[in-house]
Amino acid sequence: MFNNSPTSAWHVQRIFRTNSRNHVMSWHSLFQAPPAHRHRYRVHLVGIGGTGLAPIANVLLDMGFQVSGSDMHSSPRTTWLDQLGASIMIGHDPRHLYQDKHPQLPDVVLASSAVPAENPELVEARRQGVPIIHRREFLGPLTRGRRVIAVAGTHGKTTTTAMITHILTKAGVEPGYIIGSEVPGLGISAAGIGPLFVIEADEYDYAFLGLSPAIAVLTSLDWDHPDCFPNRQSYEFAFRKFVRNLRPGGQVLYCRDDVGLRGLATSLGDPEHWHSYGSRNGAGWKAGNIEITPKATRYTLYL
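Cut-offs and rules
- Residues numbered from 1 in each chain as written.
- Predicted model: local features only at pLDDT ≥ 70, side-chain atom pairs only at ≥ 80, totals over all residues.
- Heavy atoms only, no water.
- Helix = DSSP H or I, 4+ residues; strand = E, 2+ residues; numbered from the N terminus.
- Rg over C-alpha atoms; globule rule 2.2 N^0.38 Å.
- Buried < 20%, exposed > 50% of the residue type's maximum accessible area, 1.4 Å probe, protein only.
- Contact = heavy atoms within 4.5 Å.
- Lys, Arg positive; Asp, Glu negative; His and termini not counted.
- Charge placed at Lys NZ, Arg CZ, Asp CG, Glu CD.
- Pairing = 2+ DSSP bridges.
- Axes fitted to C-alpha atoms, helices over the stretch in contact; angles between N-to-C directions.
- Salt bridge = Lys/Arg side-chain N within 4 Å of Asp/Glu carboxyl O.
- Right-handed = clockwise from strand over helix to strand, strands pointing away.
- Phe/Tyr/Trp six-rings, centres within 6.5 Å; stacked < 30°, edge-to-face > 60°.
- Left-handed = near helix turned anticlockwise from the far one by under 90°.
- Nonpolar A, V, L, I, M, F, W, Y, C, P; charged D, E, K, R; others polar.
- Patch = residues over 30% accessible without salt bridge, like charges linked within 9 Å, V, L, I, M, F, W, Y side chains within 5 Å.
- Areas by Shrake-Rupley, 256 points an atom, 1.4 Å probe, with all protein chains shown as cover.

Caption draft 1: Region of the structure containing the overall build of the protein chain. Scanning the protein chain from N- to C-terminus turns up 7 helices and 16 strands. By the compact-globule yardstick of 19 Å for 303 residues, the protein chain fits well, its C-alpha radius of gyration being 21 Å. Relative to its full complement of 303 residues, the protein chain shows a buried share of 49%. Of the contacts formed within the protein chain by residues at least 6 apart in sequence, a portion of 59% connects residues at least 24 apart. Looking at charge distribution, the protein chain has the averaged site of its 29 positive side-chain charges lying 6 Å from that of its 25 negative ones.

Caption draft 2: Structural detail: the sheet that holds strand β14 (residues 274-278). Spatially, β10-β9-β11-β8-β12-β13-β14-β15-β16 is the arrangement adopted by the 9 strands of the open sheet, whose pairing is mixed. Sheet topology places β10 (187-190) and β16 (297-302) at the edges, where each strand pairs with a single neighbour. With strand direction ignored, the average angle separating the axes of adjacent strands in the sheet is 20°. Direction of pairing for strand β12 (residues 215-218) relative to strand β13 (residues 251-255): parallel, over a ladder of 4 bridges. Looking at β13, one finds that L218 is bridged to Y254.

Caption draft 3: Just the pattern of salt bridges, in detail. One pass over the full model with this rule turns up 6 salt bridges. Note that E203 and K157 form a salt bridge whose closest N and O atoms lie 3.4 Å from each other. Within this pair, whereas E203 is found in the loop between β11 (196-200) and β12, its partner K157 is found in helix α5 (residues 157-170), the two being separated by 46 residues in sequence. On the basis of relative accessibility, which here comes to 0%, the residue E203 falls in the buried class. Measuring nitrogen to oxygen at the nearest pair gives 2.7 Å for the salt bridge that ties R232 to E236.

Caption draft 4: Representation of the pairing of β13 in the model. Note that the unit made of β12, helix α6 (residues 232-244) and β13 has a crossover that is right-handed. Relative to β14, β13 runs parallel, the two being bridged by 4 bridges. Bridge pairing links C255 to Y277 in β14. In terms of handedness, the path from β13 via helix α7 (residues 259-268) over to β14 forms a crossover that is right-handed.

Caption draft 5: Spatial organisation of the packing of aromatic side chains. A full pass over the atoms with the stated rule returns 10 aromatic pairs. Centroid distance F31 to F65: 5.9 Å. Interplanar angle 80°. Geometry classified as edge-to-face. One end of the pair, F31, is in the loop between β2 (21-24) and β3 (42-46); the other, F65, is in the loop between α1 (54-63) and β4 (66-71), and 34 residues separate them in sequence. For F65, a relative accessible area of 4% translates into the label buried. Aromatic pair Y235 and F239: ring centres 5.1 Å apart, planes at 45°, arrangement tilted. Taken together, the residues span about one helical turn, with Y235 and F239 both in helix α6 at a distance of 4 residues. An aromatic cluster is present here, built from Y206, F208, F229, Y235, F239 and F242 joined pairwise through their rings.

Caption draft 6: Representation of the packing of α1 against helix α4 (residues 135-143) in the model. As a packed pair, α1 and α4 sit with axes 12 Å apart at the nearest point and diverge in direction by 30°. Both α1 and α4 take part in a crossing whose hand is left-handed. On the side of α1, the interface is formed by I56, V59, L60 and M63, while α4 contributes R135, F138, L139 and L142. Each residue belonging to the contact of α1 with α4 can be placed in one class, and the counts come to 7 nonpolar, no polar and 1 charged.

Caption draft 7: Spatial organisation of a nonpolar patch on the surface. Taken together, the side chains of W285, I290, I292, Y299, L301 and L303 define a hydrophobic patch exposed on the protein surface, amounting to about 720 Å² of accessible area. Of all the secondary structure elements, the ones that give two or more residues to the nonpolar patch are β15 (285-292) and β16.

Now the structure itself:
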């Protein structure tokens, strides 16, 4: 879980100041800061209103960090983050890195995959030596120390992530989570205080390769995002790398109904660490006698 007590490993010497700049030697060390110190450090998110960065911004606010960010247009998410305490700016301007509320430069800039390298805020951050990070590099350090349940797949990952989070929340586990869409009663994210962190593992721009999950849930495997993956082979290769990032002893739960995942399991899986679910014969957890109504889905579970 996140370190919620002061630690002798955190030293003031990790901070250096040059020409009024205030940067952490390694931006990874931000997440080692005790909660009482986190308010001193700022993460600036370029594209903060997007589905990829808005949930992360909320988690950072929950953790006690300063959060600022910009987006081309205002939206319900930028309004929501502003109400939570983030400094939100509309449009992109190098001056957004310097504010009355936050006179020091940010300690790290987190950029959306949709933001081009010539964005004026990124240009200024590079000029000032502020680290510029994307989700792939950011998610691992953000969730380090947590037992990560990562839900990946071409289809169904938002719903599956929401269901797992709902169950764990109702069970009183108090997980952290990041979900791609708003869920009634949950919103889109929370830092949580328990040891588990549930995350919708987005394959776009290889973002999910920054994770080292304890449990990987694979819902489907069907070629998508041709702007990022030029062919099916490159898409499948990304998923192969994702499951190889499992922490030692990690488990994979995959949908046996999906032909792509059956192929992946045949080539990479093993009975000890790979487990299947679905409605087909051979699934470890099989749903039969399925009845779908407007209010519920009922089935018999065969183990």
